Number of protein chains: 4
Amino acid sequence: MSGSVPTAAGARTGVWFLGARGSVATTAAVGALALADDLVAPTGLVTSLPGLADAGLPGVGDLVLGGHDVTATPLAKRAEQLADGGVFPRALVRAVTPGLEQVDGRLRQVVAHSGESQRGCAARIEADLHAFREDNGLDRVVVVDLLPTRPLPAPHPGLDDLDALEVALDGPDEVLPASSLYSYAAFRAGCPVVEFTPGPGPRLPALQQLAEQQGLPWAGSDGKTGETLVKAALAPMFAARALRVTSWAAMNILGGGDGAALADPGAMANKAQSKGRVLPEILGYDPEAPVVIQNVADMGDWKTAWDNIAFEGFLGTRMTMQFTWQGCDSTLAAPLVLDLARLLAAAHAAGRTGPQPALGFFFKDPVGTGDHRVSAQLDALLEWAGGLR
Amino acid sequence: MSGSVPTAAGARTGVWFLGARGSVATTAAVGALALADDLVAPTGLVTSLPGLADAGLPGVGDLVLGGHDVTATPLAKRAEQLADGGVFPRALVRAVTPGLEQVDGRLRQVVAHSGESQRGCAARIEADLHAFREDNGLDRVVVVDLLPTRPLPAPHPGLDDLDALEVALDGPDEVLPASSLYSYAAFRAGCPVVEFTPGPGPRLPALQQLAEQQGLPWAGSDGKTGETLVKAALAPMFAARALRVTSWAAMNILGGGDGAALADPGAMANKAQSKGRVLPEILGYDPEAPVVIQNVADMGDWKTAWDNIAFEGFLGTRMTMQFTWQGCDSTLAAPLVLDLARLLAAAHAAGRTGPQPALGFFFKDPVGTGDHRVSAQLDALLEWAGGLR
Amino acid sequence: MSGSVPTAAGARTGVWFLGARGSVATTAAVGALALADDLVAPTGLVTSLPGLADAGLPGVGDLVLGGHDVTATPLAKRAEQLADGGVFPRALVRAVTPGLEQVDGRLRQVVAHSGESQRGCAARIEADLHAFREDNGLDRVVVVDLLPTRPLPAPHPGLDDLDALEVALDGPDEVLPASSLYSYAAFRAGCPVVEFTPGPGPRLPALQQLAEQQGLPWAGSDGKTGETLVKAALAPMFAARALRVTSWAAMNILGGGDGAALADPGAMANKAQSKGRVLPEILGYDPEAPVVIQNVADMGDWKTAWDNIAFEGFLGTRMTMQFTWQGCDSTLAAPLVLDLARLLAAAHAAGRTGPQPALGFFFKDPVGTGDHRVSAQLDALLEWAGGLR
Amino acid sequence: MSGSVPTAAGARTGVWFLGARGSVATTAAVGALALADDLVAPTGLVTSLPGLADAGLPGVGDLVLGGHDVTATPLAKRAEQLADGGVFPRALVRAVTPGLEQVDGRLRQVVAHSGESQRGCAARIEADLHAFREDNGLDRVVVVDLLPTRPLPAPHPGLDDLDALEVALDGPDEVLPASSLYSYAAFRAGCPVVEFTPGPGPRLPALQQLAEQQGLPWAGSDGKTGETLVKAALAPMFAARALRVTSWAAMNILGGGDGAALADPGAMANKAQSKGRVLPEILGYDPEAPVVIQNVADMGDWKTAWDNIAFEGFLGTRMTMQFTWQGCDSTLAAPLVLDLARLLAAAHAAGRTGPQPALGFFFKDPVGTGDHRVSAQLDALLEWAGGLR
Ligand SMILES: NC(=O)c1ccc[n+]([C@@H]2O[C@H](COP(=O)([O-])OP(=O)(O)OC[C@H]3O[C@@H](n4cnc5c(N)ncnc54)[C@H](O)[C@@H]3O)[C@@H](O)[C@H]2O)c1
Ligand SMILES: NC(=O)c1ccc[n+]([C@@H]2O[C@H](COP(=O)([O-])OP(=O)(O)OC[C@H]3O[C@@H](n4cnc5c(N)ncnc54)[C@H](O)[C@@H]3O)[C@@H](O)[C@H]2O)c1
Ligand SMILES: NC(=O)c1ccc[n+]([C@@H]2O[C@H](COP(=O)([O-])OP(=O)(O)OC[C@H]3O[C@@H](n4cnc5c(N)ncnc54)[C@H](O)[C@@H]3O)[C@@H](O)[C@H]2O)c1
Ligand SMILES: NC(=O)c1ccc[n+]([C@@H]2O[C@H](COP(=O)([O-])OP(=O)(O)OC[C@H]3O[C@@H](n4cnc5c(N)ncnc54)[C@H](O)[C@@H]3O)[C@@H](O)[C@H]2O)c1
Ligand code: NA
Ligand code: NA
């Protein structure tokens, strides 16, 4: 894409969800449609804050939504299930059902072709992205990864080097994990990528090389909602007061698709690792900080986190802080997904390429920055956004 | 005091506690002595952080301690009581007992003289301050108010205007509350004042005029420890994520002298008001936010706060965060008192006068600033301290 | 009523709610109708447990509902408001709306007649009860007090003695509080009374004399839901293990009609006193145990209780237990109201008179018994119910 | 032992700890000595309650303590470590140090003899028990298992049948886990056994046969302290109110020896299974109820449990209760160990044999009873104790 493309606000922007019928994507779709029709206030949408609302981003109601999924359940049906789980009111689903049906028409089902090489699969994904852009007259398409969390891939030379990767993709092995295969296709199709899961998606060195080659910006990884967000807000307080955290134990109970996915030890290890960088970076030392993630189907779409923070104060006196966080994960994640799509579209329009550390505000494991402090990240985001126009 | 006075680090600095035998002052004394002898790490001491440790402040172990109280219980005895309550180890008390006895020798008992005017009382206080400075060869003395919290004073013209105050002080009425009478005497004696309680201390307009006249800096008010500190760390997170706080209910249970004092409804109203400004300033709107303070003698020197935060996210979905804070108030407050004495001494040495908004980091109700965000306050403090030398 | 009246199960039983358009009564009505139509399981209904379900009680779906209120809002409208507050699903309201409209037809509005004596008012209430019984061919009517909590009445000789009361009722003074005036009328009309609020209702000595005279059973007072229920379940554990509770501080935040009513200090004092008997009776000593009730309108129909229990174990070691209880008060109270109506109807049919201590299981301040232990109360209830047939 | 042995109260009773230098045993020793010298109140000692204090049990101060351990750290040193961890005051350790040194003299170190059969090891243990009884002129010795929790043993015919076991003990295999080998030796030496860990100790069928043969009583298993105790106190409340528990998720963080031992997945599985029977037995159905045990060394001798209970009430409305329990495990366990030793000694004196279900009050996994309700268990215990004299 070239400089003749209109500015972000004036351009037609598409958002392509990977896992488009999942909880987060469905909530994002319901929300985007509800905001387009002024049915709700933009609560939870960071890009509605002063300094971002006026930064020339594409309007949230103007985003054209599409995506891939392996299932074919209609979005309105998924939305009703989420409404039954208390994620949003039933009445809202009824109001946006026509819009959801339109989005349904733009979703593509991903089916495994037996014996196909990964290159073949990537080509089909790439074709779907091109078709989405053309059919809808879009100036650009941001791809957002909302696939289930999976274990990290086994080491392979193709992960580290683009040339080696190109060779490997023609072979019989599944060298790339799903999230990265999609990123590969997205970059080839000229699309910026938001990695909202623990990834790895675009983070593999080989894919970073590809993004650079294509002149594309990307952001990630692992949306920071709930417990990790609170950690990133609270830990600076302990640091600022010279209070020494001696342990910070965290327990998460959650149901839903995410709960089921994280019941897999490999996936959980990936997630826990992504969460694990916040404390040492903020505190400057590494307290004992186990993170337990426990699937409790009964929790449905809701998550409860409980953290127990033991810390030492003046003269070595030991004190304790505990918190519980009772949140609806899709509610927390969906607006961030829309925020990131808008911001990365604007970054693309402004010619930014490569990883975008200023978007670290949104992520548990922010690429290109070691600053996990919520306040400092917000400052960085606002400054960066101010420079986009 | 003039420019010929040595720099803060080189000067001899005295600290004069009002309420010198109280929990906070005793803990500060034990801590200063323990730090002087390298018995403990400077945990909890903000001025031990990079950017402050090297800002040319007087050494914490070099501070010369004195103060007023109405009781005469020896400091070592008070320290033993606090050790029994788990505030610090008994062994530490034994190690610093000789030092505490030296401080005892510098404390002055305040006795009410029946029929005396407030001017008479102020004069006696002023004389004590002069004597402390001279007897100990001090370059400057910082006065720190650690008196019990009291109801706010009834309106009187003398509170608003220095000339009217001077007239009123000769009359028979108690126009000034204790904290402000001490501030009056301190300013007259050329001493900077830290108002660590809800005050009003030096905040009355008449006293602000006096500080200006005397060219003295002062700071306040109400040390920010525990629940309010957590509020000021967490509320910016909700704001940054455009999450709408609909209520934030707070319950504090505490014993000790402070618990008993706050069982008085007037004192509690003063304290609750001081706490009440944090949320509206940070959030930009004023959610329902009752603060209950309940005396539970059984808690001793410990306080437990419980906060229930209800907030709305995307599409109006209601979520909840709760925290408990189990802290030892004197442990949390004492290092801040030493921090403030060091910082205000340096400000005085640097010729600063009037209220010091950059010290707002330490206070629930910071004078001269509406910014209550912990991170922003730390940035302001570090910048200010960098300019002191 | 005489022995020729049919047994409880065979008889037609009316339930007359005082405060019939309030949250608890409306929820009880929705539930009774839903149970009559088998739309829901009897979750929360104690009388559905083995030992009670088969005790010959009137069927919950057979109860004929009526009542008094001062407002005239249709029940279906109140039910919709409660559904919006998450008390039950909207779909359920739609399903029972015809039934609610029938109940509406049996409700009577209470209007103050200026200058009327309390006897005049009582006579009108009594007439309404007679009419309800006759119009609906009922064998008996149980009156259930669900009025807002009010301050305790000022002392008056008429409260203590029935003869003095009869004289006073003709005078101009409001000698009886509302709950007791209703009880007076109910007893005169031959109706057993359930006092579900802190009362005093039928507990005044004068009214106890009247109940005895009329040969009527009654039960009370103050439904035990939420925090007090948990207290009564947990305190026996500390006692059984010889652990010494040194303080038990309780904070309740709640909105709704009840929250607003309890914002009145007199009403709150009445409520807190009613809650205050549980611990000393169970523990055998009286630990520091403040109960704070705080109105937070934002909580709507939901209540959150937080309790902090400090206790001493072996060798004096201090430990802590905390709990939070996030409950919907009307959901918790409504089934108990139906339980009590069924049980008191059966008691009446069995010829029981006077206060019924075996119903103490349901109350914070059980009449005629000092046993507050949930398990022991359940045993007593089951034994008593076994003897009713 | 025969009928000529004196009654429990008059007899000389020995208590032999397996794991005698561990946290629980050391705390029990400190406590027994402190109680003997009237230095502390019997807080936490169930046998100090009315109905047990007067049941003719051996005096707690009269118990003669001995035991086995693999380490040789002096008890006074272990006690000092525990005092540093806040388990009891340092002053108490000083006061009982002479007594601890006497106990030290009665402890025997267990050393592995390479190539020895399990029979050989059992014989040495048995000899130690005989020597303890004779050297101290004891009428009976109760053996209490306080070994670290271990994985359950692999199946083997010798576990199920005494004859097969006798054969296997001569062979080269380690057929019995440590806890059961000690039980074997104890029963052979004529000693009743308390299984305070998840075992299996005396619970193996082969050992039950041996206990029966020897006419010995025994009790177990897994002391019920902390979270499981609270569960057993709270679950009956939900059942009594017909509230439906849909999930009960539990998280435990703990340090100390027990935390380290439970970091082993096999040991944790054994512990979790032992905890897992409480809810289904009390509720009558089996809600989703994961129990997570997480080692956090920083917690030292303290454990914090957090439980999140989701339940349904009337009309299906979902509510939540949460609790935290901040306890010192050794403080909670040690008095129960003394209780059990006293009670089992009295049972032995009264000629009781086999498993003692009435002692289920003390255990997570009570042998011979499915009743886990704290209140019902206390009733059973009191009745049983009343029949012992
Ligand atoms: N909700 C949050 O707060 C949050 C925060 C950070 C990260 N995340 C991550 O976001 C992701 C999405 O979460 P969710 O709750 O929506 O999960 P979900 O399980 O509801 O949705 C995942 C969707 O991906 C689809 N899918 C699976 N494999 C696919 C494939 N190969 N190609 C295309 N589609 C495929 C599934 O059919 C499903 O519809 C998860 O990885 C989660 O960890 C969520
Ligand atoms: N600890 C905290 O976290 C914290 C935080 C903010 C503010 N504060 C405030 O600090 C103050 C001190 O707290 P504390 O716990 O040390 O209280 P405290 O009750 O232990 O000590 C107060 C001392 O003041 C003395 N005193 C009373 N009247 C006096 C008078 N007229 N002149 C001189 N001395 C007098 C008392 O004898 C006592 O020794 C309180 O106002 C408290 O609200 C404490
Ligand atoms: N919900 C619980 O868990 C619980 C537990 C114990 C006790 N209670 C008590 O039950 C009572 C009812 O609670 P609620 O939540 O339904 O309250 P509510 O305020 O919703 O209902 C009270 C009703 O009484 C009506 N009323 C007021 N004055 C009246 C009068 N003089 N005559 C007739 N009607 C009158 C009001 O109009 C209202 O409709 C309260 O006293 C509460 O304290 C409730
Ligand atoms: N504390 C509680 O609340 C509680 C409750 C229920 C059960 N328990 C159980 O009680 C047991 C003891 O707990 P603790 O905290 O005292 O543990 P601990 O680790 O402090 O003590 C165990 C002791 O056993 C010794 N030991 C190990 N192997 C041995 C062997 N083969 N022979 C003899 N001694 C040996 C160790 O050296 C150590 O001194 C654990 O199994 C724990 O699970 C404790
Ligand atoms: Na204090
Ligand atoms: Na209510």
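Chains are numbered independently. Their residues run from 1 in the order of the written sequence. Ligands are numbered from 1 and chains lettered from A, in the order in which they are written. Per-residue local features of the predicted model are confined to residues with pLDDT of at least 70, and side-chain atom pairs are confined, for both listing and counting, to 80 or more; whole-chain, interface and lining totals are unaffected and use all residues. The side-chain numbers reported here are obtained from all heavy atoms of the structure, hydrogens and water having been left aside.

Glancing now at the overall build of chain A. Per the secondary structure count, chain A includes 14 helices and eleven strands. At 21 Å, chain A has a C-alpha radius of gyration in line with the 21 Å of a compact globule built from 389 residues. Along the three orthogonal principal directions, the C-alpha set of chain A runs to about 65 × 50 × 45 Å. Among the 389 residues that make up chain A, the fraction classed as buried is 62%. A sequence separation of at least 24 residues applies to 78% of the contacts in chain A between residues at least 6 apart. Accessible area of chain A: about 12,800 Å², with a carbon and sulfur share of 51%. The convention is simple: Lys and Arg are positive, Asp and Glu are negative, and His and the chain ends are not counted. Think of each charge as sitting on NZ of Lys, CZ of Arg, CG of Asp or CD of Glu. Each charge class in chain A was averaged separately, 29 positive and 42 negative side chains, and the resulting centres sit 3 Å apart. A run of DSSP states H or I qualifies as a helix once it reaches four residues; a run of E qualifies as a strand once it reaches two. Both are numbered from the N-terminal end. Atoms considered for the radius of gyration are the C-alpha atoms alone. The globule rule reads 2.2 Å times the number of residues to the power 0.38. The cut-offs for exposure are 20% and 50% of the maximum accessible area for each residue type, with area from a 1.4 Å probe on protein chains only; residues under the lower value are buried, those over the upper are exposed, and the others partly exposed. We call two residues contacting when some pair of their heavy atoms lies within 4.5 Å. In these tables, accessible area is a Shrake-Rupley quantity obtained with a 1.4 Å probe, and a residue counts as shielded only by the protein chains included in the view.

Quick look at the interface of chain B and chain A now. In this assembly, 58 residues from chain B lie in contact with 58 residues from chain A. By definition, the buried area sums, over both parts, the 1.4 Å-probe accessible area that each loses when the two are put together. Contact with chain A buries area across many residues of chain B, yet Arg241, Phe314 and Leu315 of chain B alone supply 21% of it, more than any other trio. A pairing counts as a salt bridge when a side-chain nitrogen of Lys or Arg comes within 4 Å of a carboxyl oxygen of Asp or Glu. Joining chain B to chain A, the criterion identifies zero salt bridges. In protein, a polar contact means a hydrogen-donor-capable atom and an acceptor-capable atom, both N or O and within 3.5 Å, with residues adjacent in sequence counting only if both atoms are side-chain atoms; elsewhere, any N or O pair within 3.5 Å suffices. Linking chain B to chain A there are 13 residue pairs in polar contact (both at pLDDT 80 or more). Looking at the side of chain B that touches chain A, the elements that each hand over two or more residues are α1 (23-36), α9 (226-240), β9 (302-312), β10 (318-328), α13 (329-349) and α14 (374-386) of chain B.

This brings us to the pattern of salt bridges. Residues and elements named next belong to chain B. What the rule picks out here adds up to 48 salt bridges over all chains. Residue Lys364 is joined to Asp222 by a salt bridge in which the shortest nitrogen-to-oxygen separation is 3.4 Å. Of this pair, Lys364 sits in the loop between β11 (354-355) and α14 while Asp222 sits in the loop between β6 (217-220) and α9; the two residues are 142 residues apart in sequence, bridging distant segments of the chain. Given the relative accessible area of 3%, Lys364 is considered buried.

On to a negative patch on the surface. Only residues whose relative accessible area exceeds 30% and that take part in no salt bridge are eligible for patches, with like-charged residues grouped when within 9 Å of each other and nonpolar side chains (Val, Leu, Ile, Met, Phe, Trp, Tyr) grouped when within 5 Å. On the surface, Asp379 and Glu383 of chain A together with Asp379 and Glu383 of chain B cluster together into a patch of negative charge. Listing elements by their share of the negative patch, those giving two or more residues are α14 (374-386) of chain A together with α14 of chain B. If you trace the backbone, Asp379 of chain A turns up in helix α14.

Here we take up the site of ligand 3. Residue and element names in this part refer to chain C. Close to ligand 3 lie 24 residues, the nearest being Val24, Asp69, Leu147, Tyr182 and Thr225. Leu147 places a main-chain nitrogen or oxygen 2.6 Å from an oxygen atom of ligand 3. Between ligand 3 and Tyr182, the relevant distance is 2.7 Å, taken from a nitrogen atom to a side-chain nitrogen or oxygen of the residue. Relative to its unbound accessible area of 850 Å², ligand 3 is 89% covered by the protein chains. Within the residue set of the shell around ligand 3, elements represented by two or more residues are α1 (23-36), α10 (256-262) and α13 (329-349). Taken together, the residues of the shell around ligand 3 sort by class into eight nonpolar, nine polar and seven charged. Residue proximity to a molecule or strand is established when one non-hydrogen atom of the residue lies within 4 Å of it. Basically, the charged four are Asp, Glu, Lys and Arg, the nonpolar ten are Ala, Val, Leu, Ile, Met, Phe, Trp, Tyr, Cys and Pro, and anything else, Gly included, counts as polar.

Here the copies are superposed with least squares, the fitted atoms being C-alpha atoms of residues at a pLDDT of at least 70 in both. At an RMSD of 0.0 Å, chain B and chain A line up after a rotation of 180° and a shift of 0.0 Å along the axis. In the structure described here, the two chain copies are related by an operation that fits a two-fold rotation axis. Closest approach to the rotation axis within chain B is made by the C-alpha atom of Phe323 of chain B, at a distance of 2.0 Å. Both copies share a contact surface, since 100% of the interface residues of chain B are interface residues in chain A too.

On to the site of ligand 4. All names here are of chain D. Of all residues adjacent to ligand 4, which total 24 residues, the nearest are Val24, Asp69, Leu147, Tyr182 and Thr225. With respect to ligand 4, the backbone of Leu147 contributes an N or O atom lying 2.6 Å from an oxygen atom. Separating a nitrogen atom of ligand 4 from a backbone N or O atom of Asp329 is a distance of 3.2 Å. Coverage of ligand 4 by the protein amounts to 89% of the 860 Å² it exposes when considered alone. Those elements giving two or more residues to the shell around ligand 4 turn out to be α1 (23-36), α10 (256-262) and α13 (329-349). Partitioned by chemical class, the residues of the shell around ligand 4 number eight nonpolar, nine polar and seven charged.

Moving on, we come to unusual backbone geometry. Omega for the peptide link from Gly199 of chain B to Pro200 of chain B comes to 10°, which places this bond in the cis form. On the secondary structure map, Pro200 of chain B appears in the loop between β5 (193-195) and α8 (205-214). Omega for the peptide link from Gly220 of chain D to Ser221 of chain D comes to -5°, which places this bond in the cis form. Tracing the backbone shows Ser221 of chain D in the loop between β6 (217-220) and α9 (226-240). With a phi angle near 65°, Leu315 of chain B is a residue other than glycine that sits in the positive phi range. Residue placement: Leu315 of chain B occurs in the loop between β9 and β10.

To continue, consider the nonpolar core. Ranked by internal contacts, the top residues of the largest apolar core, which has 187 residues, are Leu234 and Phe238 of chain A together with Leu234 and Phe238 of chain B. Excluding residues that lie within four positions of it along the chain, Phe238 of chain B makes contacts with Trp325 of chain A together with Leu243, Val245, Trp248, Leu283, Ile309, Phe311 and Met321 of chain B. In this description, a nonpolar core means a group of buried Ala, Val, Leu, Ile, Met, Phe, Trp, Tyr and Cys residues linked to one another through side-chain atoms lying within 4.5 Å.

Turning to the sheet that holds strand β11 (residues 354-355) of chain A, a few remarks are in order. Pairing between strands requires that DSSP locate at least two bridges from one strand to the other. What the seven strands build is an open sheet, ordered β3-β2-β1-β4-β5-β6-β11 (chain A); its pairing is parallel. Strands at the two margins of the open sheet, each flanked by one partner only, are β3 (107-109) and β11 of chain A.

Turning our eyes to something else, we now look at the confidence of the model for chain A. Across the chain, each position has a pLDDT score giving the predictor's confidence in that residue, from 0 to 100. Summary statistics for chain A give a mean pLDDT of 94 and a share of 98% for residues scoring 70 or more. Here the complex is predicted with pTM 0.95, and the ipTM for its interfaces comes to 0.95.

The next subject is the packing of α1 of chain B against α13 of chain B. A pair of packed helices is characterised by two quantities: the angle between their axes and the separation of those axes. Residues and elements named next belong to chain B. Orientation of α1 relative to α13, taken along the N-to-C sense of each, is 65°, at an axis distance of 8 Å. As α1 packs across α13, the resulting crossing turns out to be right-handed. For the pair α1 and α13, contact is made by Ser23, Val24, Thr27, Ala28 and Ala32 and by Ser330, Ala333, Ala334, Val337 and Leu338, respectively. Here the contact of α1 with α13 is built from residues that sort into seven nonpolar, three polar and no charged. Only the contacting stretch of a helix is used when fitting its axis, a line to C-alpha atoms as for every element, and angles between N-to-C directions run 0 to 180 degrees. Note on convention: the crossing is left-handed when the near helix lies turned anticlockwise from the far helix by less than a right angle, right-handed when the turn is clockwise.

Mapped onto the elements, Gly10 of chain D comes out in the segment before β1 (13-18). Distance from Gly10 of chain D to Leu57 of chain D, taken between C-alpha atoms, is 8.7 Å for residues 47 residues apart in sequence.

What follows is about the pairing of strand β4 (residues 140-145) of chain D. Regular strands show a simple pattern: their side chains alternate between the two faces of the sheet. All names here are of chain D. Counting buried residues along β4, six of its six residues qualify, which places the element largely inside the surrounding structure. As paired elements, β1 and β4 share six bridges and run parallel to each other. Across the sheet, the residue bridging to Gly14 is Val141, located in β4. Strand direction decides the pairing type here: β4 and strand β5 (residues 193-195), joined by three bridges, are parallel. Within β5, the residue paired with Asp145 across the bridge is Glu195.

Within a pair of aromatic rings, the relevant descriptors are the distance that separates the centres and the angle that separates the planes. Only the six-membered ring of Trp is used, alongside the rings of Phe and Tyr, when aromatic pairs are assigned; centres must lie within 6.5 Å, and planes under 30 degrees apart are stacked while those over 60 apart are edge-to-face, with the rest tilted. Evaluated as defined, the whole model comprises 26 aromatic pairs over all chains. Seen in terms of ring centroids, Phe238 of chain B and Trp248 of chain B are 6.0 Å apart; in terms of plane orientation they differ by 75°. Their pairing is edge-to-face. Of the two residues, Phe238 of chain B sits in helix α9 while Trp248 of chain B sits in strand β7 (residues 244-254), which places them ten residues apart along the sequence. A relative accessible area of 0% means that Phe238 of chain B is categorised as buried. Counting every residue linked through ring pairs, the aromatic cluster contains Phe238, Trp248 and Phe311 of chain A together with Trp325 of chain B. One cation-aromatic arrangement involves Arg241 of chain A over Phe361 of chain B; the distance from NZ or CZ to the ring centre is 4.8 Å. In this analysis the charged atom, NZ for Lys or CZ for Arg, is taken to sit over a ring once it is within 6 Å of the ring centre and within 35 degrees of the ring normal.

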